[in-house]
Amino acid sequence: MFIITIDPDSCSGCDACADSCPAHLLKFNGEITEVVGDETECMGCESCVSVCPTGAASIMEM
Ligand code: SF4
Ligand code: SF4
């Protein structure tokens, strides 16, 4: 299982991570992007991490 973290202080709200997530777990809320889906569906592909221009997105395997 993976824990997804979006640092609100670093997130610019560009939404690139949401666009890249094959499991549709991330969504822009008007200011920042948040985890909105079922985190247990995260496959750890790291797409969200690699496309994030500010380093705000991270995942950790539990
Ligand atoms: S690691 Fe992959 S599946 Fe998990 S939130 Fe990021 S883009 Fe989505
Ligand atoms: S890619 Fe990074 S900066 Fe852009 S919305 Fe996602 S977490 Fe925020």
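See above for the structure.
All of the points below concern the structure found in this document. Just so we're clear, the structure is a prediction, and the values are computed from it rather than from any experiment.

Before going further, it helps to examine the overall build of the protein. The number of helices and strands found in the protein is 2 helices and 4 strands. Scanning the protein from its N terminus toward the C terminus, one meets helices and strands in the order β-α-β-β-α-β. Each of the three principal axes of the protein carries a C-alpha extent, and together these read 25 × 20 × 15 Å. For the protein, the residues scored as buried account for 32% of the 62 residues in total. Taking the intrachain contacts of the protein between residues at least 6 apart in sequence as the baseline, contacts between residues at least 24 apart amount to 49%. Counting every atom, the protein has about 3,800 Å² of accessible surface; 50% of that belongs to carbon and sulfur.

Moving on to the site of ligand 1. What surrounds ligand 1 is the set Ile4, Cys21, Pro22, Cys42, Met43, Gly44, Cys45, Glu46, Ser47, Cys48 and Ile59. With respect to the detected pockets, ligand 1 is housed in the largest cavity. Residues belonging to the shell around ligand 1 are distributed by class as follows: 8 nonpolar, 2 polar and 1 charged.

This next bit is on the nonpolar core. Buried together is how nonpolar side chains tend to be arranged in soluble globular proteins. Judged by nonpolar contacts, the single largest core of 17 residues is most densely connected at Ile4, Leu25 and Leu26. Those elements that place two or more of their residues in this core are strand E1 (2-6), helix H1 (16-20) and strand E4 (57-61).

Position of cysteine 21 relative to the elements: it lies in the loop between H1 and strand E2 (26-28). On the basis of relative accessibility, which here comes to 12%, the residue cysteine 21 falls in the buried class. For the pair cysteine 21 and cysteine 45, spaced 24 residues apart in the sequence, the C-alpha separation amounts to 8.5 Å.

On to empty space enclosed by the protein. What the rule picks out here adds up to 2 cavities of 30 Å³ or more. If you add up the space inside the largest cavity, you get close to 100 Å³. Lining of the largest cavity is provided by 14 residues; of these, Cys21, Leu25, Cys42, Cys45 and Cys48 occupy positions nearest its centre. Classifying every residue of the lining of the largest cavity by side-chain character gives 11 nonpolar, 1 polar and 2 charged. Each pocket or cavity is described by its volume, and for the second largest cavity that value is around 80 Å³. In terms of lining, the second largest cavity is formed by 13 residues, of which the most central are Cys11, Cys14, Cys17, Cys52 and Ala56. When its residues are assigned to classes, the lining of the second largest cavity shows 9 nonpolar, 3 polar and 1 charged.

Rules used in this analysis
- Residues numbered from 1 in each chain as written.
- Chains lettered and ligands numbered in written order.
- Predicted model: local features only at pLDDT ≥ 70, side-chain atom pairs only at ≥ 80, totals over all residues.
- Heavy atoms only, no water.
- Helix = DSSP H or I, 4+ residues; strand = E, 2+ residues; numbered from the N terminus.
- Buried < 20%, exposed > 50% of the residue type's maximum accessible area, 1.4 Å probe, protein only.
- Contact = heavy atoms within 4.5 Å.
- Areas by Shrake-Rupley, 256 points an atom, 1.4 Å probe, with all protein chains shown as cover.
- Near = heavy atom within 4 Å.
- 1 Å grid on protein atoms, 1.4 Å probe; cavity = no way out; pocket = protein on both sides within 12 Å on 5 of 7 lines; lining within 4 Å.
- Sits in = over half its atoms within 2 Å of the grid points.
- Nonpolar A, V, L, I, M, F, W, Y, C, P; charged D, E, K, R; others polar.
- Core = buried A, V, L, I, M, F, W, Y, C linked by side-chain atoms within 4.5 Å.
- Points joined across faces, edges and corners; volume = space filled by probe spheres on them.

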